[in-house]
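Examination of the molecular architecture
Letter by letter, the chains look like this.
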Amino acid sequence: MSTFSHINEQNQPKMVNVSDKKITKRTAIAKATMFLGSEIISHFKNDELITKKGPVFQTAIIAGIQAVKKTSNIIPMCHPLLINGVDIDINIVDDEHVEVFCKVTIEGKTGVEMEALTGASATCLTIYDMCKAISQKMVIKEVKLVEKTGGKSDIKNG
């Protein structure tokens, strides 16, 4: 018997059966850190940059929300979920970096860690796409789960 939940007894992939789980409120927060560089950050006015493609942070937030809703189409073993809420914050932390926080909440039988991680990642990818005309030296440095509540266990990674 495999210790992986997504492998069956014949060592084949499977989607976990959550039908016997209780519906609980579940939340996950993912954080992504991104190097933009001072060349890009210097173009921001009032925490926003307007490019030929539009407002960078506003567009990236919308992309992140769309990615959260489409996670089960991207990650094969994720269950399609009825998302209750998505909140994405983008903060300029210094003259070279931004942080993206993606919080996802549901009432369901399975967690939303992958949705939060996908949302944070898509937000960063959209920032990259919208700023690449200024500089292509950007780096998505880290994407991690910082908090998960609900289900069997709670996690706080700070």
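Just so it is clear, the model here is predicted, and its values are computed rather than measured.

General note: in soluble globular proteins, nonpolar side chains tend to be found buried as a group. Among the nonpolar cores identified, the biggest contains 31 residues, and Leu36, Ile90, Val100 and Ile127 are the most heavily contacted of them. No other element matches helix H4 (residues 113–131), which puts seven residues into this core. In this view, Leu36 contacts Ile41, Phe44, Glu96, Val98, Ile127 and Met138; residues no more than four positions away in its chain are not counted.

Judged by pairing direction, the sheet is antiparallel, and its five strands sit side by side in the order S4-S5-S1-S6-S7 without closing on themselves. The open sheet has two edge strands, strand S4 (85–92) and strand S7 (155–156), and neither has a second partner. Across the sheet, helix H2 (residues 56–69) lies against S4 and strand S5 (97–108), angled at about 145° from S4, the strand it touches most. Sheet contacts for H4: strand S1 (24–35), S4, S5 and strand S6 (139–149); angle to S1, the most-contacted strand, approximately 30°.

Okay, the pairing of S6 next. The pairing of S1 with S6 spans nine bridges and is classified as antiparallel. Bridge pairing links Lys31 to Lys144 in S6. Inspection of the sheet shows S6 paired to S7 by two bridges, in the antiparallel sense. Paired with Glu147 across the bridge in S7 is Lys156. What sits between S6 and S7 in their antiparallel hairpin is a turn of five residues, with Gly150 showing a positive phi close to 95°.

Our focus in this paragraph is the UniProt feature "domain: Molybdopterin cofactor biosynthesis C (MoaC)" (unreviewed entry) in the protein chain. UniProt records the feature "domain: Molybdopterin cofactor biosynthesis C (MoaC)" (unreviewed entry) at residues 15–151, using the numbering of this structure. Helix makes up 30% of residues 15–151 and strand 34%, and the two end C-alpha atoms of the span are 17 Å apart.

With eight bridges joining them, S4 and S5 adopt antiparallel strand pairing. Paired with Ile88 across the strands is Cys102, a residue of S5.

Turning to the state of the cysteines, a few remarks are in order. Under the definition given, this model contains zero disulfides. No disulfide involves Cys78; its sulfur sits 13 Å from the nearest other cysteine sulfur, which is in Cys102. Taking the relative accessible area as the measure of exposure, Cys78 reaches 11% and is therefore buried. In this structure Cys124 is not part of a disulfide, and its nearest cysteine sulfur, from Cys102, lies 10 Å away. By relative accessible area, Cys124 is classed as buried at 0%.

Applying the stated criterion across every chain, the model contains one aromatic pair. Taking 4.8 Å as the distance between ring centres and 40° as the angle between the ring planes, the aromatic pair formed by Phe44 and Phe57 counts as tilted. A residue pair is termed long-range when its members are at least 10 positions apart, and Phe44 in the loop between helix H1 (38–41) and strand S2 (50–51) and Phe57 in helix H2 qualify at 13 residues. Grouping residues by exposure puts Phe44 and Phe57 together as buried.

As a further point, take a nonpolar patch on the surface. A cluster of nonpolar side chains, contributed by Leu125, Ile140 and Val143, occupies part of the molecular surface with about 230 Å² of accessible area. Locating Val143 in the fold gives a position in strand S6. For Val143, a relative accessible area of 32% gives the class partly exposed.

How each quantity is defined
- Residues numbered from 1 in each chain as written.
- Predicted model: local features only at pLDDT ≥ 70, side-chain atom pairs only at ≥ 80, totals over all residues.
- Heavy atoms only, no water.
- Core = buried A, V, L, I, M, F, W, Y, C linked by side-chain atoms within 4.5 Å.
- Buried < 20%, exposed > 50% of the residue type's maximum accessible area, 1.4 Å probe, protein only.
- Helix = DSSP H or I, 4+ residues; strand = E, 2+ residues; numbered from the N terminus.
- Contact = heavy atoms within 4.5 Å.
- Pairing = 2+ DSSP bridges.
- Axes fitted to C-alpha atoms, helices over the stretch in contact; angles between N-to-C directions.
- UniProt positions renumbered as here; feature names shortened; annotations may be inferred.
- Disulfide = S-S within 2.5 Å.
- Phe/Tyr/Trp six-rings, centres within 6.5 Å; stacked < 30°, edge-to-face > 60°.
- Patch = residues over 30% accessible without salt bridge, like charges linked within 9 Å, V, L, I, M, F, W, Y side chains within 5 Å.
- Areas by Shrake-Rupley, 256 points an atom, 1.4 Å probe, with all protein chains shown as cover.
- Salt bridge = Lys/Arg side-chain N within 4 Å of Asp/Glu carboxyl O.

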